[in-house]
Amino acid sequence: MSQYFKPISISLSPNVEKDDLKLALKLIFSPWRWIKGRAVSQLEEEFRKYLGVKYAFSFNSGRSALYAILKSLNIGDKSDVLLQAFTCNAAVNPVLWAGLNPVYIDCENNYNLDIDDLKRKITKNAKILMVQHTFGCPAQMDEILKFSRDNNLILIEDCAHSLGAQYNGKKTGTLSKAAFFSFSRDKIISSVYGGMAVTNDDELAKNLHSIQKEFKHPSYLWTLQQLLHPVLLNYIILPIYNFIDLGKIFLVLSQYLGILSKAVHKKEKKGERPFYFPKKMPNALALLALNQFKKLERFNEHRRIISDFYLKRLQDSSFILPEKENNVFLRFSIRHNLAHQIISYAWKKENILIGDWYTTPIAPDDTNLRKMGYISGTCPNAEKLSKTTLNLPTHINISLKDAERIVDFLLTWK
Ligand SMILES: Cc1ncc(COP(=O)(O)O)c(C=O)c1O
């Protein structure tokens with residue numbers, strides 16, 4: 001019965017399996033394990049080993065990790081940070097919070113940084129270049145590395161989408177001075193909130209270590225809020241999601257009442273900082289992340305299988321398909337002139353929640369672009385892509401049968 005009301009969904013706790021649910025449930029009843037414990041350093045150690053880097057520092061989000069990196073670099077206030085449009089305000093806000101100035105570079109049709117536009121837009125004041133491996137597709141690192149060396153820029157990788165992706169045999173996150181990862185709800189692995197900063201640079205690591213020590217732990221209440229997320233979504237909200245919209249109402253109400261968190265706080269849409277950033281990673285979320293991290297290879301192999309299926313079945317369709325090479329396909333992003341209409345139709349008629357990353361050059365769409373320092377028209381391709389992009393789910397809870405239903409629906413669009 002619940003199958004009927006439960007949508008095929010790209011988001012809403014996508015990576016969670018039975019063992020994750022059991023763990024979250026157990027943790028809810030073990031408050032003494034919420035804040036401090038050994039899981040935090042274990043997660044850092046596992047991450048360090050996996051990437052083959054010298055240092056890894058955990059935080060309660062990619063946002064906190066990026067903020068810590070920016071502060072640790074000790075560059076002057078008001079320096080420019082070059083970063084691409086077609087991104088989330090979560091990648092921009094730490095730049096603003098650190099007192100730095102974002103300068104937006106357009107993206108190519110593969111959603112990654114446009115190097116020609118970078119050459120045009122570099123400023124005298126630019127000290128940092130942040131490169132995003134969008135949707136899990138590695139950016140053109142050879143050219144980017146050369147450009148940053150030639151122009152004395154500190155290179156940071158935004159690996160929020162790309163855990164496990166490789167460029168020329170090297171894992172993303174190991175190609176720059178510093179990188180950060182995200183374990184938030186819709187990412188490659190998820191602990192609802194969580195992030196990691198990594199580096200091989202001794203000096204930077206020393207600063208990151210001090211800053212991590214300075215940051216406080218999040219509160220018990222905030223940690224509980226995150227632990228409730230997989231449990232309420234999977235046991236209550238999703239099974240009745242479409243039963244006279246009961247699940248949806250329950251979700252909105254829980255977020256309104258603060259029982260569940262939102263991915264982005266309303267303050268962040270105006271460039272402001274909510275009280276729970278920046279913070280350390282709490283032990284309970286590190287435990288959730290460790291459990292997911294064990295499954296990383298299987299998750300990404302599943303993403304590859306589902307993406308291969310989409311690539312094959314949509315080959316001769318009216319959709320423009322993504323590049324396959326080295327892509328871990330956090331989401332399988334395609335383009336169509338009627339993208340937004342297709343997303344809305346899929347939801348209303350087919351009970352399929354297709355992804356809409358991103359519908360504006362800095363998402364979500366109610367973000368105040370002016371407060372983000374973005375001037376309309378300066379990244380025309382990012383603006384164009386945001387009108388024509390839709391993303392298909394690849395996560396572990398999407399079966400080939402689900403993928404087939406999605407494809408059958410898409411093929412009805414000419
Ligand atoms: C491209 C990008 N960078 C950075 C972030 C920030 O990660 P987090 O949600 O863990 O703060 C996100 C996610 O929101 C993202 O999509």
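For the structure, check the block above.
Values in this document were obtained by computation on a predicted structure and should not be read as measured data. (Residues numbered from 1 in each chain as written. Predicted model: local features only at pLDDT ≥ 70, side-chain atom pairs only at ≥ 80, totals over all residues. Heavy atoms only, no water.)

**With respect to unusual backbone geometry**
Cis rather than trans, the peptide bond between phenylalanine 277 and proline 278 has omega equal to -15 degrees. Following the sequence through the fold, proline 278 ends up in the loop between helix H10 (246-256) and helix H11 (283-293). Of note, the amide linkage connecting tryptophan 357 to tyrosine 358 takes the cis form, showing an omega dihedral of -10 degrees. Of note, tyrosine 358 is situated in the loop between strand S13 (352-353) and strand S14 (362-363). Although it is not a glycine, aspartate 245 sits at a positive phi angle of roughly 60 degrees. By the element assignment, aspartate 245 lies in the loop between helix H9 (220-237) and H10. Accessibility expressed as a relative area gives 33% for aspartate 245, which makes it partly exposed. Although it is not a glycine, asparagine 326 adopts a positive phi angle of roughly 60 degrees. Checked against the element boundaries, asparagine 326 lands in the loop between helix H12 (296-313) and strand S12 (332-335). (Helix = DSSP H or I, 4+ residues; strand = E, 2+ residues; numbered from the N terminus. Buried < 20%, exposed > 50% of the residue type's maximum accessible area, 1.4 Å probe, protein only.)

**Notes on the sheet that holds strand S5 (residues 101-105)**
The seven strands are arranged S2-S11-S10-S7-S6-S3-S5 in an open sheet whose pairing can be described as mixed. The sheet is open, and its two edges are formed by strand S2 (55-59) and S5, each paired on a single side. Each strand of the sheet is rotated relative to its neighbour by a mean of 25 degrees, with strand direction disregarded. Here strand S7 (residues 154-158) runs beside strand S10 (residues 178-182); their pairing, made up of three bridges, is parallel. Bridge pairing in S10 places glutamate 157 opposite alanine 179. (Pairing = 2+ DSSP bridges. Axes fitted to C-alpha atoms, helices over the stretch in contact; angles between N-to-C directions.)

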